[in-house]
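Observations on the model geometry
Here is how the chains run, residue by residue.
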Amino acid sequence: MRSDRDGLSVIVQVVARWTLVLIVVYGLGVAFFGHLTPGGGFVGGVVLACGFVLATLAFGGRAGPAAALHRWAASLEVGGALTFLGMAALGWTAGHFMQAWTPRGADFTLASAPFLVVLNLAILLKVGAGLFAGFMALVLFDRSTGGGGGRDA
Amino acid sequence: MGTYIPVFVALPLLAGFACLLLKGPAPRATPWISVASMLGLLALAVGVRGDAGVSFAGGWGVRLSGDGAFVVGIALVLDGLSRLFLLLVAVVGTASAVYALRYLEPEPGLSLFHVLFNLLVAGMNGALLAGDLFNLYVFVEVASLASYGLVAYRTGGTEVEAAFKYLVLGTLASTAILLGITVLYAATGYLNMADLSGAIGRGGVPPVALLFASSLFVLGFGTKTAAMPFHAWLPDAHPSAPAPISAMLSGLLIKTLGIYALVRVLYVVVGIDENVRLVLTVLGCLSMWGGVLLAQAQDDLKRILAFHSVSQMGYVLVALGIGSWLGVAAALFHALNHALFKSALFLSAGSLERVTGTRRLSEMGGVFRRAPATSVGLVGACLSISGIPPFNGFWSKLLILIALASAGQYAVAVIAAGAALMTLVTFVKVQHKAVFGALPARLEGAREVPAAMYVPVLALVALCLLSGLLWPVGVDGLIGSAASAVRAPADERPAASVYVETVHGRPTR
Amino acid sequence: MTFYALTLALAGVGIYGLLAKKNMLKKVLGLAILDHAVNLLLVAVGYRAGASPPILLAGDDPAAFVRGSVDPLPQALVLTSIVIGLGVTMLLVAMVLRLHQRYGTLDVDRMDRLKG
């Protein structure tokens, strides 16, 4: 009986390596261009988290690379949240909470609204790390003793 | 002027994430962070007295193009109604946070508890300040999710079962709310509550759609209030939570996500008419009697308190169903009082559990000498909920009866008075069994709880007494402005226009 | 209009699964179906037949863009709603895991420690 450690077969792992690159690039792209096209941090975070789920399934739960990142998940999540709050609070210097206080670039390019890009990045971290941490908590849930990692907020 | 409004949401969010950050390095500091953030909220809520304001996110105010096509504005709105509940959240939140300092053991999950606690408060504040329907929905979900996690905090079989049931019913309610929002958006194209009320007032929504949306809102927010047919989650969820969370849930959550949302959506956005009022009255009568009757069969003190929460919310619903300014004022006054005395009751129940080792009334008795401070707190809170003057419960129930009688709803008034009598009977029994009476042999060695646990209860009871003694001042000031934000007292201006003025800064009619 | 009715029917399927089924995992799936159905309805509300995606290119006229494109607001709302639904489902599954560990069964009828 194959356990969680082993992951899936070699073919799946090879294919997963390629698709993971695509998934990560797609997620980052959707997130960073969220001020120009539909998407933004939420969608990017969900796509990235799905990439992590794929990595966990293909390469194994407890011994896979995803488990090693689990330690950083809480810090990344909090980092994302605090970045968002910080950027919004800095808006007070320009007049209103959450006012876009960064300088603007040319229209319809990536740099046209750096404020939104940073916000999207913060949300990407928060959603991606949060969903990933939750998923890993479920994977690492040790049924014999009653719970390894707790579910973070 | 309205620029500090986002702090109500940002401060507990910041505190929550700080707790998460400190989970590894300094977990023992997290309870203090919660206390600090609650005190900050209290200072802010007291400091905003009298001001009403709007904070548009990002500073994007209302912008109408030439042909009136675009209205942009994600707003946080602070008016009299929000201010009342913000103050309540801060007061009960402070009491619960201080209580939790000593009630909860320094176990590994403690910092996560405080993360969720702060997120719960952030969600409630956000819901109170939201100026558009969708933000209201999102913040309601934030607070609800935090509460599902907090109910399951002890992760024993019964707690997780209770949290499961609560989650399922709560999500059904939230889905109903989202459906209602969808219907209204499809009909008008607005999400901003001020603009929605204008569109509905101009007749822009077909009556069938309005009826459908209203029923969905009553279903959704009524479940959050634990009104009688939808109350099934409360008797399991509130007792299973740790005592400070029970206080937050019964004292705050069913009011901010339930009563406040009902008032805001039904009175301001959709507009009260006879059908909605009838539904509110019926739900209220069912809740009043259902709660007290079902509480009779219980032995567990916290379950009795939970059932009585259902009953007291029935009073508020019945008063809201009247539709007059006096009715709204009476309802809000009773909601305020209930928040104070119910949270005091739940915190006392937690203290009693610590003193006697049990939650069952049949196994308690006569702890008055062993635990005097806890006993005084419990007795004071019991007197408040029973409606004994000069405590606040008496005045708010009286005001509700007066409002009912002046609107001609004598039958409902009789029903309400009867339920009040049953409540009195129940709590006399509770007091006798828990505090007075003979001390069982096994409780000879019982000791008083730490000061951090009885001081918040005594403070809440003192506030109950104060609210009861000063109620004419209170009704004129705090409650009055809250009710006036919803229902014009004397002149015949439609209620919604007051809100619209607050948001847009100019009269619309 | 039939599309809306079908979506509501899908939501009804989800509610049925959530409330009537005894197996906890089926309840979780019912909740997921309900969430997705409501999100689908919300996106469908913003749809305009024959319209273009809501991407404003350089040099487009904003007024014509508004008239000729799909409404982007429900899309933004649904993004939030999907993530909320995901969080709720995750929390629910965690509770199911814990309950299975405690009671050894996924059948709701056998978990009766809480009295009525």
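Scoring rules and cut-offs
For every chain, the first residue of its written sequence is number 1, and the numbers climb from 1 along that sequence. The naming scheme follows written order: chains are lettered A onward, ligands numbered 1 onward. Under the rules for a predicted model, residues below a pLDDT of 70 receive no local features and side-chain atom pairs below 80 are neither given nor counted, while totals for whole chains, interfaces and linings still include all residues. By convention in this description, side-chain values take in all heavy atoms of the structure and omit both hydrogens and water. Starting at the N terminus, helices and strands are each numbered in turn, a helix being any DSSP run of H or I of at least four residues and a strand any DSSP run of E of at least two. As defined in this context, the radius of gyration uses C-alpha atoms, and a globule is described by 2.2 Å times the residue total to the power 0.38. Here's how the labels work: a residue is buried when its accessible area is under 20% of the maximum for its type, exposed when over 50%, partly exposed in between, all with a 1.4 Å probe on protein chains only. Residue contacts are counted whenever heavy atoms from the two residues lie within 4.5 Å of one another. Here the open area of atoms and residues is found with the Shrake-Rupley method and a 1.4 Å probe, where only the protein chains shown may cover a residue. Charge convention: Lys and Arg are scored as positive, Asp and Glu as negative, and His as well as the terminal groups of each chain are ignored. Every charge is mapped onto a representative atom, which is NZ of Lys, CZ of Arg, CG of Asp or CD of Glu. Joining two parts hides part of their accessible area as seen by a 1.4 Å probe, and the buried area is that hidden amount summed over both. Any Lys or Arg side-chain nitrogen located within 4 Å of an Asp or Glu carboxyl oxygen qualifies as a salt bridge. N or O atoms closer than or at 3.5 Å make up a polar contact, with two conditions inside protein: a donor-capable atom paired with an acceptor-capable one, and, for residues adjacent in sequence, both atoms drawn from side chains. Each residue after the first adds 1.5 Å to the expected span of a helix. What the arc measures is the spread of directions leading from the helix axis to the C-beta atoms.

All right, on to the overall build of chain C then. Summing up its helical and strand segments, chain C has 4 helices and 0 strands in all. Ordered by position from the N terminus, the helices and strands of chain C form the series α-α-α-α. In terms of overall dimensions, chain C is more spread out than a globule: its C-alpha atoms have a radius of gyration of 20 Å, far above the 13 Å expected for 116 residues. Along the three orthogonal principal directions, the C-alpha set of chain C runs to about 65 × 30 × 20 Å. When the 116 residues of chain C are sorted by exposure, 42% land in the buried category. Sequence separation of at least 24 residues holds for 49% of the intrachain contacts in chain C that already meet a minimum separation of 6. Of the roughly 6100 Å² of accessible surface on chain C, a fraction of 67% belongs to carbon and sulfur atoms. A gap of 15 Å separates the mean positions of the 11 positive and 7 negative side-chain charges of chain C.

This paragraph deals with unusual backbone geometry. All names here are of chain B. For the bond from Pro389 to Pro390, the omega torsion is 0°, close enough to zero to count as cis. With respect to the element layout, Pro390 can be found in the loop between helix 14 (372-386) and helix 15 (392-406). For Ala226, which is not glycine, the phi torsion reads 60° and is therefore positive. For Ala226, the position within the fold is in the loop between helix 8 (207-225) and helix 9 (234-240). Since its relative accessible area comes to 0%, Ala226 is described here as buried.

Let us now look at the interface of chain B and chain C. With 33 residues of chain B at the contact, the number on the chain C side is 37 residues. For the chain B and chain C pair, buried surface summed over both sides reaches about 3100 Å², with 79% attributable to carbon and sulfur atoms. Among the residues chain B hides against chain C, the three largest losses belong to Glu161, Phe164 and Tyr185 of chain B. Together they make up 21% of the total. Here chain B and chain C share 0 salt bridges between them. Run the count over chain B and chain C and you get 1 residue pair in polar contact (both at pLDDT 80 or more). Put simply, the parts of the chain that give the side of chain B that touches chain C at least two residues each are helix 5 (133-151), helix 6 (157-188) and helix 12 (301-320) of chain B.

A few words now on helix 17 (residues 451-469) of chain B. Residue and element names in this part refer to chain B. If you check helix 17, its first and last C-alpha atoms are 26 Å apart, about what 19 residues at 1.5 Å a residue would give, namely 27 Å. Taken together, the buried positions of helix 17 are Met453, Pro456, Val457, Leu460, Val461, Cys464, Ser467 and Gly468. On an axial view of helix 17, the arc spanned by its buried residues comes to 130°, and they lie on one face.

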